[in-house]
Amino acid sequence: MTMPKLVATDLDGTLVRADGSVSDFTRDVLVKLEEIGVPVIFVTGRPLRWTRELFEHIGSVGLAIVSNGALVWDVATDQPRLTRLIEPALTAEVAAALRANLPGLVFATESLEGWSCEPAFATHTSDALRPARRVAPIEELADEPLIKLLARRHEDDDADELLAAAAAVVGDRVNVTHSSFPLLEISAPGVTKASTLELVCTELGISATDVIAFGDMPNDLPMLTWAGTSYAMADAHPSVVSCASHLAPGHEDDGVARVLAGVFGL
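Conventions used here
Residues numbered from 1 in each chain as written. Predicted model: local features only at pLDDT ≥ 70, side-chain atom pairs only at ≥ 80, totals over all residues. Heavy atoms only, no water. Domains from an automatic or database assignment. Buried area = accessible area lost by both parts, 1.4 Å probe. Salt bridge = Lys/Arg side-chain N within 4 Å of Asp/Glu carboxyl O. Polar contact = N/O pair within 3.5 Å; in protein donor to acceptor, adjacent residues only side chain to side chain. Helix = DSSP H or I, 4+ residues; strand = E, 2+ residues; numbered from the N terminus. Axes fitted to C-alpha atoms, helices over the stretch in contact; angles between N-to-C directions. Parallel < 35°, antiparallel > 145°, perpendicular 65-115°, else oblique. Left-handed = near helix turned anticlockwise from the far one by under 90°. Contact = heavy atoms within 4.5 Å. Nonpolar A, V, L, I, M, F, W, Y, C, P; charged D, E, K, R; others polar.

Looking up the chain in an unreviewed UniProt entry gives the name HAD family hydrolase, with the organism given as Nocardioides turkmenicus.

Okay, here's the thing in structure tokens:
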């Protein structure tokens, strides 16, 4: 393996443990990588508000790719470096098509101003202290450019089956994926973790072959396919294990940090 020049890692199910924490060992490895000049970029499906709690671990590159590539956040200046938004007309079109073909879907939205949802949308426990800025039908919420459109139906839906059904409806009008439970995560056309990471790496003068990437869920597939060296976590989704070129220990066992310590001799 050629020594990588940049590390790109997913967060949930990959770098952080199930309780959302970063172990002392992982923290030490991230610091050592910074000391030898290897940037680490978090590339996550999390919205900005759920990623901020991990910003203390971001090194001098100072960038985080959030919402599956729809937003690049400059941590030092606390402002967006890049936004890749879904335009209102497209949001309305896609939401109408999905609801017509998948009855029972309920929608939520992510924008730079915060998150909003339809009245029946089941909120995440992490948002208990962050109430929705707007609660209204999707026809009203689709009136602004969005970072991400979210859709869910039943808790017992199979996430992969729901994704396949939604992808058959929307085609290439938008990018649709999921990151664990049956929640559709919808971005503007062509927006993935990989396409945005490529933009950031081009700006840094780093090629795909010099990137080592880690992930565990279907929303990581484009990034793992793009990177020169890719690792699936031991407990990753089967499609990710099949796609990646290597297998790392699980996230509860500090898999990312253990691999990086070995690759870089830390």
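## Remarks on the domain arrangement of the chain
Segmenting the chain into domains produces domain 1 (6-84 + 192-264) and domain 2 (88-187). Each of domain 1 and domain 2 was reduced to a C-alpha centroid, and the two centroids are 24 Å apart. Summed over both sides, the interface of domain 1 with domain 2 buries roughly 1,400 Å², with 55% coming from carbon and sulfur. For domain 1, the biggest contributors to the area lost against domain 2 are Arg49, Trp50 and Asn68; these three give 38% of the whole. Here Glu110 makes a salt bridge to Arg49, at a shortest N to O gap of 2.8 Å. Here domain 1 and domain 2 share six residue pairs in polar contact (both at pLDDT 80 or more) between them.

## Some thoughts on the environment of Leu150
Tracing the sequence through the fold places Leu150 in strand S9 (residues 148-152). C-alpha separation for the pair Leu150 and Glu198, spaced 48 residues apart in sequence, amounts to 24 Å.

## A few points about the packing of helix H3 (residues 88-101) against helix H5 (residues 159-170)
The interhelical angle for the contact between H3 and H5, taken along N-to-C directions, is 125°, at an axis separation of 10 Å. In terms of orientation, H3 and H5 fall into the oblique class. Between H3 and H5 lies a crossing whose hand is right-handed. Contact residues: Val94, Ala97, Leu98 and Asn101 in H3; Ala166, Val169 and Val170 in H5. In terms of residue class, the contact of H3 with H5 is made up of six nonpolar, one polar and no charged.

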